[in-house]
Amino acid sequence: MKYTTTRSDKKTYSLREAAFEGLAPDGGLFMPAEIPHADMREVGERAASSFAEMAEYLAGLFFADDLPREELREVTREAFDFPVPMRRLDKNVTSDTCYTLELFHGPTAAFKDFGAGFMGRMLARLRPEGERLTILTATSGDTGSAVAHGFHGVEGIDVVVLYPDGKISDLQESQMTTLGGNIHALRVAGTFDDCQRMVKELFSDVAFRAAHRVTSANSINLLRWIPQSFYYFWGVLQWQAATGGTTPEIVVPSGNYGNLSAGMLARRMGLPVRRFVAASNANDVVPEWLRTGDYRPRPSVLTVANAMDVGAPSNYERMMALCGSDVDAVRREVSGFASSDEEIRRAIRELYDRYGYISDPHSAAGYAATVGCGVDGFWLSTASAAKFGEVIEPVLGLAPEIPERLARLLGRPKVSTPVAPDSELLKEFVAEL
Ligand SMILES: *Cc1c(COP(=O)(O)O)cnc(C)c1O
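Heads up: these notes are all about the structure in this document. (Residues numbered from 1 in each chain as written. Predicted model: local features only at pLDDT ≥ 70, side-chain atom pairs only at ≥ 80, totals over all residues. Heavy atoms only, no water.)

**A closer look at the overall build of the chain**
At step 1: The number of helices and strands found in the chain is 20 helices and 13 strands.
At step 2: With the principal axes as the frame, the chain shows a C-alpha extent of 65 × 50 × 45 Å.
At step 3: Long-range pairs, those at least 24 residues apart, make up 73% of the contacts in the chain with a sequence separation of at least 6.
At step 4: Surface exposure of the chain reaches about 17100 Å², of which carbon and sulfur atoms provide 47%.
At step 5: On the chain, the mean spot of the 45 positive side-chain charges and the mean spot of the 57 negative ones are 2 Å from each other. (Helix = DSSP H or I, 4+ residues; strand = E, 2+ residues; numbered from the N terminus. Contact = heavy atoms within 4.5 Å. Areas by Shrake-Rupley, 256 points an atom, 1.4 Å probe, with all protein chains shown as cover. Lys, Arg positive; Asp, Glu negative; His and termini not counted. Charge placed at Lys NZ, Arg CZ, Asp CG, Glu CD.)

Next comes the structure, spelled out in structure tokens:
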């Protein structure tokens, strides 16, 4: 399969080019030149066996020319080795029922595990024979941990994660600093913006890049984006089996819109979805755009659902490209719903009172939109409540349980290298790996 970009479909790129570049040379995002069609009967038969089996079929539609079947099988087996349950919530008093697809049972307890785990294992197999590769990623918390776990133990690849010292949670820090091996954590005496600047400066140093094979694991990377379409197939099948319905509406808690635009990709592959609802927090650029037709990116504001604090969502370009740059076509396919912090807290409270269900703030924004838009379908739960105890405790007066696989990390010694916010120091570190 060939790849084009959101800004031009004239020049095409190979998978290797798209995967290792991350961002396209014209500044756009990579897209498949043609969207493959999925045979829903085949998807259903595979899904009856396992998520990984289904994912292997879907991945093959995109990547069969680039990797042998056997390797795609290994990639999907290893990357998707955790449960993906459709949770049915029943109201205590009436017969009201709702559904959420829990995407947070992977190694770092957030949906980003789907993309990062797949990308790590794909890059390991696409990298030129015998060459070592260094992945750089700056993180404010969640992305770094998903990438660290997705690439941990992957042969031929080193990962350098930069995070702002003292500005991430204990659990997030543990997720990046207790793995060891090929995962190297740098705690930067500065802010997240400093971390990002250091990585950018390294990437723009042409001489350095010529001497060292470095790439990023940015969330816009095609190899993180495409596998996020897989769980939409799974979710629709589970929902159909549970309700007898055919074509659900799907609510997606959104920030950078990688998740939602991957759902739009799945729909073009043939998945029956009536519409998507973009559930945002106070950073309501997209809901506003869908309502007014005006796209006004702006600086983000801090909210209790901080992984969705994005003011200029990169995947706006993919949403537009998938709809032939026709705003009205986007508006027919996607509705928007924004929740304030107070509304998110109220949703957390309501989920607990009505269903005895403890939800993280991002997923709770999905629930708020489900109720607010009268959705007949399900919402995606994007993170485990365990990661957001500091938001949930004051609302519910109780602490969410920490799953065993996360609790184990908390007990381990953290190893990271302190570094001043200077990209020359980052280059030295990478050169010495
Ligand atoms: C990243 C993230 C989101 C937002 O996903 P996008 O693909 O950026 O829209 C939502 N919830 C959680 C928990 C996340 O980590």
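**What to know about the sheet that holds strand E13 (residues 417-419)**
At step 1: Ordered by their spatial adjacency, five strands build an open sheet running E8-E5-E6-E7-E13, and the pairing between neighbours is parallel. Because the sheet does not close on itself, it has two edges, and the strands there are strand E8 (214-216) and E13. Neighbour-to-neighbour, the strand axes of this sheet turn through a mean angle of 30°, independent of strand direction. (Pairing = 2+ DSSP bridges. Axes fitted to C-alpha atoms, helices over the stretch in contact; angles between N-to-C directions.)

**Description of the pairing of strand E4 (residues 97-102)**
At step 1: Most of E4 sits out of view: five of its six residues are buried.
At step 2: Pairing of strand E3 (residues 86-90) with E4 involves five bridges; the strand directions are antiparallel. Bridging across to E4, Leu89 finds its partner in Cys98.
At step 3: Relative to strand E12 (residues 377-381), E4 runs parallel, the two sharing four bridges. Across the sheet, Leu101 pairs through a bridge with Leu380, a residue of E12. (Buried < 20%, exposed > 50% of the residue type's maximum accessible area, 1.4 Å probe, protein only.)

**Looking at the site of the ligand**
At step 1: Taken together, 15 residues surround the ligand, and among them Lys112, Gly255, Asn256, Tyr257 and Thr382 come closest.
At step 2: Between an oxygen atom of the ligand and a main-chain N or O atom of Gly258, the distance comes to 3.2 Å.
At step 3: Here a nitrogen atom of the ligand and a side-chain polar atom of Thr382 are 2.8 Å apart.
At step 4: A total of 380 Å² of accessible area belongs to the ligand in isolation, and the protein chains cover 95% of it.
At step 5: Here the residues of the shell around the ligand sort into six nonpolar, seven polar and two charged. (Near = heavy atom within 4 Å. Polar contact = N/O pair within 3.5 Å; in protein donor to acceptor, adjacent residues only side chain to side chain. Nonpolar A, V, L, I, M, F, W, Y, C, P; charged D, E, K, R; others polar.)

In short, geometric facts, not functional conclusions.
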